[in-house]
Amino acid sequence: MSNDGPTLAGGPGHTHSPGGTGHTHSPGDAHGPAGADGRHLTAGQQAHARTKLEVPDPGSEPSSPSPDGAGHAFSFPSLPDAVDVFDTTLRDGSQQEGLSLTVGDKLRVAEQLDHLGVTFIEGGWPGANPKDEEFFARAPAELRLSTSTLVAFGSTRRAGVRAEEDETLRHLVKAQTSAVCIVAKASEMHVVEALRVSLDDAVAMVADSVEFLRSNDLRVFLDAEHFFDGYKANPGFSMRILQAAEEAGAEALVLCDTNGGTLPHEVQRIVSTVFDRFETQIGVHFHNDSGCAVANSLAGVEAGATHVQGCVNGYGERAGNADLAATIPNLSLKLRVHTIGADRIERLTPVSHHIAELVNIAPAAQQPFVGASVFAHKAGLHTSAIARRSDAYEHIAPELVGNGTRFVVSEMAGRSTLAFKAAELGLELDSDAMTSVLDSLKRLEHAGYHFEVADGSLELLLRNATGWEQPFFELESYRVIADHAAARATEATVKVLVDGERVVATAEGNGPVNALDGALRRAIGSRFTALDEIHLVDYRVRVLDSAKGTGSVTRVLIDSTDGDRTWTTIGVSEDIIESSWQALSDSIVYGLLRATSSDHRTEEHPR
C-alpha cells in the first residue's frame, strides 16, 4: 500500500503494517524515528521534539510565502512544522443532539477518516454501552486502516479501586487498540464537587491508571478535562495532574476546554506556560461554545501544541467541537503546518459531505472551506472581479480543499455572472438575449422566484433565451379533482400535444401533485422511456406573504433525480397547484433534456 499518510516534508517515510487495530504498531504508529522507549514517533511528536531542541526541520519553511491559491504571503511566528490530527467524531461528536450512529455507521465514518488521513481516530468508550462494545469487537476484522491509528477512550480508575481491578481500564486493555485516551479531572472544583475525592487522590488516580495501561504495552493520551477553567482557578493542581501523567509515561498531555469558554489570548498564555514546563507532547481539545474552537486550536499550535483534537464538521454536544474541516486547511494552507498528507487536503470537501450523509445531518452550506456556498458568488460586482482575478473574493483556490467556485444567478446578477453560467452550460447568449434574461430574472425574482436554488429551472430559462423550445410536449390544459368521500382520492387529467398529436390522460394519486405527475407520465411515457428513470425525491412549499392567509403566494421547489444527478426546479403562484405544476413540468422537461442530450453524445462518441 502506498505511503501517503501524515508525513513531514523532507522527513522519513512510514513503514505500514496491515490493519490498524492490533497491539502491534499499526498505520499511524510508524512515523519516522523511534523515541527513547523504542516506539515510533508521529509527525507531531517529531515536530515537538525539534521545537524543544530548537532544531529546525531542513525540509520545512513555516514562514515562507504560500503557494499560488493557498492564501496570501504572511510572516508568522515560530510554529511547529507538523501536528497530529486526532478525530473524536465517533465519541465526542456523537454526543450531538439528534446524531445517532449504528455500529455500521461508525465503521463507515472511520473508513472516511482514514481516507482523509487523520493521525488518530477515537472510536468510542469500550464497555460503556453495547454499541461501542460491538464496534471494538468488529473493528479488527472489518477495518483496514492505512493511515490512521484507532484509539479507545475511557477514564482513570475509580476512587478506592486498584487500577488492575478497575472495569473501565480492563475494557481499554481488551479493546485491541494500540493506543488509548483516558480522561481525568484537571479542575479542583470538579474533583471536589463531582468526584468528591481529595486532590491527592485525583493525582494518584491519574498516575496509577497511566502506569497500568503502559504496563500493558498501550500508548496513552491523557485528556485533562476542564483544564483551562481549572488552571485559571488553581494552576498548581491542574499542573500536578499533567505532571503525574508525564511521570507515569503518558505520550501526550491534552488540554481540554470542556465548557468552551476560553478565548484565544488565554489559550496562548496557558499553553505556552504548559509547553515550557513539560517535555511531553502537548495537545489541545476545544469546544465551540464561545465560537472560538478553531481559533483556539490555531492559538494552541502557535503556543507549542503538536496534537490537535476535534471533529469533522464540528460535531459534538452543545455548540460542538473544533471543526477539523476548518482547522486542517487553516493549519496546512495558511500557517504551513503539516497536518494530513498534502495530496489528501483536496479530500476535505467530499469526506465532509460523505460523513454528513452517514450521520444523516445535512451539510451546512456556509461551513468554512467545505460548504456549498462558501465559494458561491451572487453579486455581479464580485463575479466580474473574479473573472479578472480569482483571489479577488476567494481567500484560497477552492480546488485545494476539493470545493469549487459557483456563480449564483439571481436578481443581483450582472452580465458577467450570466456569461459565466451560460459558458458552464455550453450556451452562447448574444447581447439581446443577455438583456432579456437579466430583465426576466429581476422580474421573476421580484415575483417570488429564487433561481439560485433552482438550477434546473435556471438552465431552462437560459436555453429559452437562445430561442430553444422544449420539444417533448405542449400543455393544453390540466384539471384536478379532489374527492373527499369515504375512500379519498385525487384525480388529475392532463391534455397535451406530443408531436402534433393531442393526448388526453387521467390518473389518480394520493394528492394533486402525485395525480398530475401520474397523468403527465401516462400521456408522454410511451414516447419517452427515459421518464422511467426520473423520480421526485423532495417537495418543499414556502408561503411568501403570510399576511394574505390562504390567498398567499406559494413557492414550490421540487428535487428530482435520474439516478446520476439531482436537480431542482421551481414554481411560484397564488394557486399552489399551479406552482406545483410549474415545478413538476420543469423537472420532467429538464430530465428528458438531460437524457436526450446523453443519447446524442453516446451516438456521436460510441464506446
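What counts as what
Residues numbered from 1 in each chain as written. Predicted model: local features only at pLDDT ≥ 70, side-chain atom pairs only at ≥ 80, totals over all residues. Heavy atoms only, no water. Axes fitted to C-alpha atoms, helices over the stretch in contact; angles between N-to-C directions. Helix = DSSP H or I, 4+ residues; strand = E, 2+ residues; numbered from the N terminus. Parallel < 35°, antiparallel > 145°, perpendicular 65-115°, else oblique. Left-handed = near helix turned anticlockwise from the far one by under 90°. Contact = heavy atoms within 4.5 Å. Nonpolar A, V, L, I, M, F, W, Y, C, P; charged D, E, K, R; others polar. Phe/Tyr/Trp six-rings, centres within 6.5 Å; stacked < 30°, edge-to-face > 60°. Buried < 20%, exposed > 50% of the residue type's maximum accessible area, 1.4 Å probe, protein only. Polar contact = N/O pair within 3.5 Å; in protein donor to acceptor, adjacent residues only side chain to side chain. Pairing = 2+ DSSP bridges. pLDDT = per-residue confidence, 0-100. Core = buried A, V, L, I, M, F, W, Y, C linked by side-chain atoms within 4.5 Å. Expected span 1.5 Å × (residues − 1). Arc of directions from axis to C-beta. Salt bridge = Lys/Arg side-chain N within 4 Å of Asp/Glu carboxyl O. Disulfide = S-S within 2.5 Å. Patch = residues over 30% accessible without salt bridge, like charges linked within 9 Å, V, L, I, M, F, W, Y side chains within 5 Å. Areas by Shrake-Rupley, 256 points an atom, 1.4 Å probe, with all protein chains shown as cover.

*Asks:* Help me get a handle on the packing of helix 15 (residues 431-447) against helix 16 (residues 455-465), residues and values and all.
*Replies:* Axis separation between helix 15 and helix 16 bottoms out at 9 Å; the angle between their running directions is 140°. On the basis of the axis angle, helix 15 is oblique to helix 16. Considering how the two elements wind past one another, helix 15 and helix 16 form a crossing that is right-handed. Along the contact surface, helix 15 presents Ala433, Val437, Leu441 and Leu444, while helix 16 presents Leu458, Leu461, Leu462 and Ala465. Across the contact of helix 15 with helix 16, the residue classes break down as eight nonpolar, no polar and no charged.

*Asks:* For the packing of aromatic side chains, give the residues involved together with the corresponding values.
*Replies:* A full pass over the atoms with the stated rule returns 11 aromatic pairs. Ring plane angle 40° and centroid distance 5.9 Å describe the contact between Phe86 and Phe120, whose orientation is recorded as tilted. With Phe86 in strand 1 (residues 84-87) and Phe120 in strand 2 (residues 120-124), the pair connects residues that are 34 residues apart, well separated along the chain. Since its relative accessible area comes to 0%, Phe86 is described here as buried. Overall, Phe120 belongs to the buried group, its relative accessible area being 1%. On the numbers, 4.9 Å between centres and 70° between planes, the contact of Phe120 with Phe221 is edge-to-face. Of this pair, Phe120 sits in strand 2 while Phe221 sits in strand 5 (residues 219-225), and the two are 101 residues apart along the sequence. The same class applies to Phe120 and to Phe221, which are both buried. Three or more aromatic residues joined by ring pairs form one cluster here, namely Phe227, Phe228, Tyr231 and Phe286.

*Asks:* So what's going on with helix 11 (residues 324-334)? Residues and values would help.
*Replies:* In terms of residue burial, helix 11 counts as a mostly covered element, since 10 of its 11 residues are buried. By the burial criterion, the buried members of helix 11 are Leu324, Ala325, Ala326, Thr327, Ile328, Pro329, Asn330, Leu331, Ser332 and Leu333. Buried positions along helix 11 lie against strand 1, helix 2 (103-116), helix 10 (293-302), strand 8 (307-310) and helix 12 (348-358). The N-terminus of helix 11 is capped by Asp323, whose side-chain oxygen sits 2.9 Å from the backbone nitrogen of Ala325. Following helix 11 by one or two positions, Arg336 has its phi on the positive side, about 60°.

*Asks:* Which residues make up the environment of Arg594, and what values do they have?
*Replies:* Secondary-structure assignment places Arg594 in helix 18 (residues 576-604). Counting along the chain gives 29 residues from Arg594 to Arg565, while the straight-line C-alpha distance between them is 9.7 Å.

*Asks:* Go over the sheet that holds strand 14 (residues 535-543), please, and point to the residues and values.
*Replies:* In space, the three strands of this open sheet follow the order 14-15-16, with antiparallel pairing throughout. Sheet topology places strand 14 and strand 16 (566-573) at the edges, where each strand pairs with a single neighbour. Sheet twist, expressed as the mean angle between neighbouring strand axes with direction ignored, is 20°. Here eight bridges tie strand 14 to strand 15 (residues 554-561), and the two strands are oriented antiparallel to one another. Residue pairing across strands places Asp538 opposite Asp559, the latter belonging to strand 15.

*Asks:* Describe the confidence of the model for the chain, and please don't skip the residues or the numbers.
*Replies:* When pLDDT is averaged across the chain, the result is 84; 82% of the residues are at 70 or more. Between residues 1-31, whose pLDDT stays under 50, and residues either more than four places distant or in other chains, the model counts 98 contacts. Below pLDDT 50 for its whole length, residues 56-68 participates in 22 contacts with residues either more than four positions away or in separate chains.

*Asks:* Residues and numbers for the nonpolar core, please.
*Replies:* Among the nonpolar cores identified, the biggest contains 98 residues, and Leu213, Phe227, Leu242, Val274 and Ile282 are the most heavily contacted of them. For this core, the element with the highest residue contribution is helix 6 (residues 199-215), accounting for eight residues. If sequence neighbours within four positions are ignored, Leu242 has contacts with Leu222, Ala224, Phe227, Leu253, Leu255, Val274 and Phe278. Residues Ala505, Ala507, Ala523 and Phe528 belong to the second largest nonpolar core, which totals 30 residues.

*Asks:* Explain the pairing of strand 12 (residues 489-498) residue by residue, including any values.
*Replies:* Bridge count for strand 11 (residues 474-483) against strand 12 is nine bridges, and the pairing is antiparallel. Counterpart to Ile481 in the pairing with strand 12 is Glu491. Here strand 12 runs beside strand 13 (residues 501-509); their pairing, made up of nine bridges, is antiparallel. By the bridge assignment for strand 13, Ala492 is matched with Ala507.

*Asks:* Could you give me a rundown of the packing of helix 4 (residues 167-174) against helix 6, with the residues and numbers involved?
*Replies:* Contact pair helix 4 / helix 6: the axes reach a minimum separation of 10 Å and the direction vectors enclose 25°. Classed by the angle they form, the pair helix 4 and helix 6 counts as roughly parallel. Between helix 4 and helix 6 lies a crossing whose hand is right-handed. Facing helix 4, whose interface residues are Leu169, Leu172 and Val173, helix 6 presents Ser209, Phe212 and Leu213. Here the contact of helix 4 with helix 6 is built from residues that sort into five nonpolar, one polar and no charged.

*Asks:* If you had to explain helix 9 (residues 264-277) to someone new, which residues and values would you point to?
*Replies:* The terminal C-alpha atoms of helix 9, which comprises 14 residues, lie 20 Å apart, in line with the 20 Å expected from a rise of 1.5 Å per residue. If you check which residues of helix 9 are buried, you get Glu266, Val267, Ile270, Val271, Val274 and Phe275. An end-on view of helix 9 places all buried positions within 150° of arc, on one side of the element. Exposed residues lying more than 90 degrees from the buried face of helix 9 are His265 and Asp276. Buried residues belonging to helix 9 abut helix 1 (43-53), helix 7 (227-233), helix 8 (235-248), strand 6 (252-257), strand 7 (281-286) and helix 10.

*Asks:* Could you give an account of the pattern of salt bridges, naming the residues involved and the relevant values?
*Replies:* Two side chains carrying opposite charge are able to pair once their charged atoms lie near each other. A complete count under the given rule lists 27 salt bridges for this structure. The salt bridge involving Arg138 is made with Glu134; its shortest N-O contact spans 2.8 Å. Remark: Glu134 and Arg138 occur in helix 3 (residues 130-142); sequence separation between them is four residues, near one turn of the helix. Between Asp455 and Arg565 there is a salt bridge, and its shortest N-O distance comes to 3.5 Å. Of the two residues, Asp455 sits in helix 16 while Arg565 sits in the loop between strand 15 and strand 16, which places them 110 residues apart along the sequence. Looking at Arg565, the relative accessible area reads 32%, which means it is partly exposed. One continuous salt-bridge network, built from bridges that share partners, spans Glu134, Arg138 and Glu142.

*Asks:* Would you mind going over the state of the cysteines in detail, with residue names and values included?
*Replies:* A complete count under the given rule lists zero disulfides for this structure. Sulfur of Cys256: no disulfide; nearest cysteine sulfur belongs to Cys181 and is 7.3 Å away. Taking relative accessible area as the criterion, Cys256 reaches 6% and is therefore assigned buried.

*Asks:* Provide a residue-level description of a nonpolar patch on the surface, including the pertinent values.
*Replies:* A cluster of nonpolar side chains, contributed by Leu536, Tyr539, Val541 and Ile576, occupies part of the molecular surface with about 300 Å² of accessible area. Per-element tally for the nonpolar patch: the top contributor is strand 14, with three residues. With respect to the element layout, Leu536 can be found in strand 14. Residue Leu536 is classed as partly exposed on the basis of its relative accessible area of 39%.

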